[in-house]
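The primary structure of each chain is shown beneath.
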Amino acid sequence: MIDGAMLIGAELRQAEARFTAVDPAKGAPLTPTFSSAGPDAVADACELAAAAFPAYAATTPEDRAAFLEAIADEIVALGDQLIERAQQESGLPRARLEGERGRTVGQLKLFAQVVRQGDWLDATIDPALPDRQPLPRPDLRRMNVALGPVAVFGASNFPLAFSVAGGDTASALAAGCPVVVKGHPAHPGTGELVARAIRAAVDKAGLPAGVFSYLPGETNRLGEALVADRRIKAVGFTGSRGGGLALVKIAANRAEPIPVYAEMSSINPVVLMPHALETRGEALAPAYVQSLTMGAGQFCTNPGLVLAIAGEALDAFVAAAGRALTESAPATMLSPGIHASFEQGVEALARHSAVTTVARGKVGEGVNQAVGALFRADAASFLADRALGHEVFGSSSIVVACRDMDEVRQVIASLEGQLTATLHLDAEDEAEAKTLIPVLADRVGRILVNGWPTGVEVSHAMVHGGPFPATSDGRTTSVGTAAIYRFLRPVSLQNLPASLLPEALADANPWGVARRLDGKREASPR
């Protein structure tokens, strides 16, 4: 059922202020209208979250893991209505959304496994050494604890996996933090369905009502009020650089500044190494265009920049990529606003005096259609104008021709922080690539070889982050199990009586978690 309500703890509440979702494939409004949450709703949700925090943070790993699994089950139980509504609100194809639902459910279950294993606690015990000279050592025990209520902003390009029950919500709940979600206005019906699923899991688990709240709305004021609320202790955000930086500023100017983990902007350079370009450059072009145009290019890991040495081999690659792009079908973008921004970015590149338009994709008949765009420039021009390195969110990319590998390095070093970098190389390129890896590692969060950056595995070793402005904190990741550490902080306990120790640090280890004892890692009793 979708009725446009806010979910403030266990309460379904309607607001007088309303807004309407739009079907981007048709440009037509969708029903029903939705509540636009105001300051009172923000305050009530945050108050409930603060009240729920002590009890929720104290839940056992087993209870918390079972809760995450229950959310996954409730989302699956929504069935076709979730997929069909997400199709209407996003213009994304059914297969893509079914895959995204699988990813959403999978990451909830993965975090349940993480919670049970207990490594996230980083339980560490340095036993007392009363006879140590010249001074005795006290009994010291350390573990990670939850930060407190977290504000999560739903993302436009992943209405399931990066939104109401996405990675930010899953990792915050796994850490023991109540969550208040600011739903994305492009897909409020999808958001409400998922919010109701989480709400059902909260009820079934017998958790405090304030563990989860959902606030739909289309105004910037809603997000600003949420970040400014004194009860919020951290923020997860995926979106534009302007939006992310506005939230960072609000958070920094609070009486108690808080961290904002914002994923914001990336063009994800692809380097075609000389031997690979010479021997298989033309063969790489169709796969590059497929990655570029996938999902209308609305991925934060879209390959928006290609670097290679100028010459016949690069000319052949560019020509093959142009042919492939010319045959690429247009795709519906997520919203009229995103489409308008894409068109402005493409037009700016097309007008640039140092840029050549290589090819455009097929033109569609519907509204809000992304027509792929491929451009070319030389390295000197790219280095002279930083605007050429700005993200155009959508299926747009620029190929930069360099004189030699030194100029490739110079271009990479000039880039802002990125989520990914890709190397296409052969065995003959490996010696040169080895010198390039440190330059890339200084600029990006993930380096991949002989693949394409679109597609992010949800796993233990994944990093989906990078130096600013890819993210506001390049030490963190928003995908993978390490995302949980954004919402934790360490606490050290000195000389506490056994009766006051938390279970994770008690001598008997009743939770059965892996621990470090006197500097040595113990195997998990499980």
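Under an unreviewed UniProt entry, the protein has the name Aldehyde dehydrogenase (NADP(+)) and belongs to Sphingomonas citri.

Visitor: Kindly report on the overall build of the protein, identifying the contributing residues and their values.
Guide: The number of helices and strands found in the protein is 14 helices and 25 strands. For the protein, the C-alpha radius of gyration of 25 Å lies close to 24 Å, the compact-globule estimate for 526 residues. Overall size of the protein, expressed as C-alpha extent along the three principal axes, is 75 × 65 × 40 Å. With 526 residues in all, the protein has 55% of them scored as buried. Summed over its atoms, the accessible surface of the protein is roughly 20700 Å², and 54% of this surface lies on carbon and sulfur atoms. For the protein, the distance from the average site of its 46 positive side-chain charges to the average site of its 57 negative ones is 4 Å.

Visitor: I'd like to hear about the nonpolar core, residue by residue, with values.
Guide: Judged by nonpolar contacts, the single largest core of 58 residues is most densely connected at Phe67 and Ile75. The dominant element in this core, judged by the number of residues it contributes, is helix 6 (residues 188-205), at 7 residues. Beyond its immediate chain neighbours, meaning those up to four positions away, isoleucine 75 contacts Leu82, Arg101, Thr104, Val105, Leu108, Ala165, Val194 and Ala197. Core analysis: the second largest hydrophobic core is formed by 40 residues, Val355, Ala377, Phe382 and Val408 among them.

Visitor: Residue-level account of the UniProt feature "domain: Aldehyde dehydrogenase" (unreviewed entry) in the protein, with values.
Guide: In the numbering used here, UniProt assigns the "domain: Aldehyde dehydrogenase" (unreviewed entry) feature to residues 17-466. Taken end to end, residues 17-466 is 44% helix and 18% strand, and its first and last C-alpha atoms sit 38 Å apart.

Visitor: So what about helix 7 (residues 220-228)? Which residues, and what values?
Guide: If you check which residues of helix 7 are buried, you get Leu222, Gly223, Leu226 and Val227. For helix 7, the arc enclosing every buried residue in end-on projection is 125 degrees, short of the 170-degree limit, so these residues lie on one face. Exposed and facing more than 90 degrees away from the buried side of helix 7 are Asn220 and Arg221. In the core, the buried residues of helix 7 are packed alongside helix 1 (39-57), strand 9 (150-153), strand 10 (179-182), strand 11 (212-215), strand 12 (234-238) and helix 8 (241-252).

Visitor: Describe the packing of helix 13 (residues 405-414) against helix 14 (residues 430-441), naming the residues involved and giving the relevant values.
Guide: Viewed as axis vectors pointing N to C, helix 13 and helix 14 meet at an angle of 15 degrees, and their least axial separation amounts to 10 Å. When the axis of helix 13 is compared with that of helix 14, the two are roughly parallel. Crossing angle aside, the handedness with which helix 13 passes helix 14 is right-handed. Residues Met405, Arg409, Ile412 and Ala413 of helix 13 lie in contact with helix 14, whose contacting residues are Glu432, Thr435, Leu436, Val439 and Leu440. Here the residues of the contact of helix 13 with helix 14 sort into 6 nonpolar, 1 polar and 2 charged.

Parameters and conventions
Residues numbered from 1 in each chain as written. Predicted model: local features only at pLDDT ≥ 70, side-chain atom pairs only at ≥ 80, totals over all residues. Heavy atoms only, no water. Helix = DSSP H or I, 4+ residues; strand = E, 2+ residues; numbered from the N terminus. Rg over C-alpha atoms; globule rule 2.2 N^0.38 Å. Buried < 20%, exposed > 50% of the residue type's maximum accessible area, 1.4 Å probe, protein only. Areas by Shrake-Rupley, 256 points an atom, 1.4 Å probe, with all protein chains shown as cover. Lys, Arg positive; Asp, Glu negative; His and termini not counted. Charge placed at Lys NZ, Arg CZ, Asp CG, Glu CD. Core = buried A, V, L, I, M, F, W, Y, C linked by side-chain atoms within 4.5 Å. Contact = heavy atoms within 4.5 Å. UniProt positions renumbered as here; feature names shortened; annotations may be inferred. Arc of directions from axis to C-beta. Axes fitted to C-alpha atoms, helices over the stretch in contact; angles between N-to-C directions. Parallel < 35°, antiparallel > 145°, perpendicular 65-115°, else oblique. Left-handed = near helix turned anticlockwise from the far one by under 90°. Nonpolar A, V, L, I, M, F, W, Y, C, P; charged D, E, K, R; others polar.

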